[in-house]
Amino acid sequence: MNTTYRAIEVSKPGEFSEVRKPFLDPGLNQVRIRVEACGVCHSDSATVEGLFPIDWPRVPGHELVGRIDALGSNVKGWAVGQRVGVGFLGGSCGYCEFCRNGDLVNCRNQEYTGIHSDGGYAEVMIAKASGLVSIPDDLSSAGAALLLCAGITTFNALRNAPAKAGDLVAVLGIGGLGHLAVQYARRMGFEVVAIARGSNTAELAKKLGAHHYIDSAATDPAAALQALGGARVILVTASGGKTITETFKGLRPGGVSIDLGVGPEPIEVTSMDLIFGERKVAGSLTGNPATADTTLRFSALTGVSAMIETVPLEEAAAAYARMMAGKARFRMVLVTKNGTGDSAASK
Ligand SMILES: [Zn+2]
Ligand SMILES: [Zn+2]
């Protein structure tokens, strides 16, 4: 009888190791999850490279799906055996000013999964009940995992954007986030433009639902957007302030460039371009758990599907390296034996 489970932890920047950890009981307002799948996200570098202050060792991973196997005290509305997900935001506190005002995303006491607490690169994880997402039956655990991060991030930004059906919406960057954003934008009824470097992505972008494709290596993307009438929204899924700068003039008056890609580069826009046309630059951070539920339901209903490569949990370091090298098509997802019934993590 196992009393430990397998986890991949980072003991110091850049160093992964496979360890066995003892089962812990979930505490107040927490649940214990048998993890079935966990996406490998670019934001995991915050943990792996130590970009945030990290209390080492730390198990990374913030887009995981599994089944609840134990409930802590005071947990209501969730059941043992239920399939759930956890995203980047580890769960709101319920009592801070922002929570009391209904803004759970900006909760002052929110922990980031895999950064402040151990995440999903493991067979078992303890999670706060207030951060849980329910997983529809018709989505596989591996397929749903990245919808908890890349999915909700793009879905929530589009859903809150000032665009209506028929408006021109551009998605900049066709990768882990962008390949989902194009699908969502198409299904929400927008005229969709995909922007990426090179002509190789054109066919895929069209297949995902884009009406137009702009090769930003061959043409000025801002001029190309203006030739289409100007974008109401540009969803920037690539990191780098320069990508925002070079597309900003492609916005129609009143349009907004929404940044989803974190990077150190500053965003440069001239006050002329900002003021004449009343354009905006904005950021968007994932979404609240109810929006995550909606993201998953909408994805199942409309057939949005994530393109993923699955690998066993033990190969986390190689999967992370492949993702960081930009070679993943489009997301590496770690899977454990929990999803197959052949559980190595049985207590
Ligand atoms: Zn992520
Ligand atoms: Zn709060």
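Here goes a summary of the coordinates provided. (Residues numbered from 1 in each chain as written. Chains lettered and ligands numbered in written order. Predicted model: local features only at pLDDT ≥ 70, side-chain atom pairs only at ≥ 80, totals over all residues. Heavy atoms only, no water.)

Right, let's get into the pairing of strand β2 (residues 15–22). With eight bridges joining them, strand β1 (residues 4–12) and β2 adopt antiparallel strand pairing. Bridging from a neighbouring strand, Tyr5 pairs with Lys21 of β2. In textbook terms, the turn of a hairpin is the stretch between consecutive antiparallel strands, and for β1 and β2 this stretch comprises two residues, one of which, Gly14, has a positive phi near 80°. (Pairing = 2+ DSSP bridges. Helix = DSSP H or I, 4+ residues; strand = E, 2+ residues; numbered from the N terminus.)

Here we take up the coordination of the zinc ion (ligand 1). Listed as protein donors to the zinc ion (ligand 1) are Cys41 (SG), His62 (NE2), Glu63 (OE) and Cys149 (SG); their distances from the metal cover 2.0 to 2.4 Å. Here the zinc ion (ligand 1) is ringed by four donor atoms whose angles at the metal span 93 to 131°, and the overall shape comes out tetrahedral. All donor residues of the zinc ion (ligand 1) come from one chain, and their arrangement in sequence is C-x20-H-E-x85-C. Under the relative-accessibility criterion, Glu63 is labelled buried at 0%. (Donors = N, O, S within 2.8 Å, 3.2 Å for Na, K, Ca; no water. Tetrahedral: all angles 85-135°; square planar, octahedral: opposite > 155°, others 65-115°. Buried < 20%, exposed > 50% of the residue type's maximum accessible area, 1.4 Å probe, protein only.)

Turning to helix α11 (residues 316–324), its buried residues number three or more, namely Ala316, Ala319, Tyr320 and Met323. Projected down its long axis, α11 carries its buried residues within an arc of 100°, all on one side. Gly326 sits one or two positions beyond α11 and adopts a positive phi of about 75°. (Arc of directions from axis to C-beta.)

What follows deals with the environment of Asp167. With respect to the helices, strands and loops of the structure, Asp167 is situated in the loop between α4 (150–160) and β8 (168–172). In this view, Asp167 contacts Pro162, Phe190, Glu191 and Arg232; residues no more than four positions away in its chain are not counted. Here the side chain of Asp167 touches Arg232 through a polar contact of 3.3 Å, side chain to side chain. (Contact = heavy atoms within 4.5 Å. Polar contact = N/O pair within 3.5 Å; in protein donor to acceptor, adjacent residues only side chain to side chain.)

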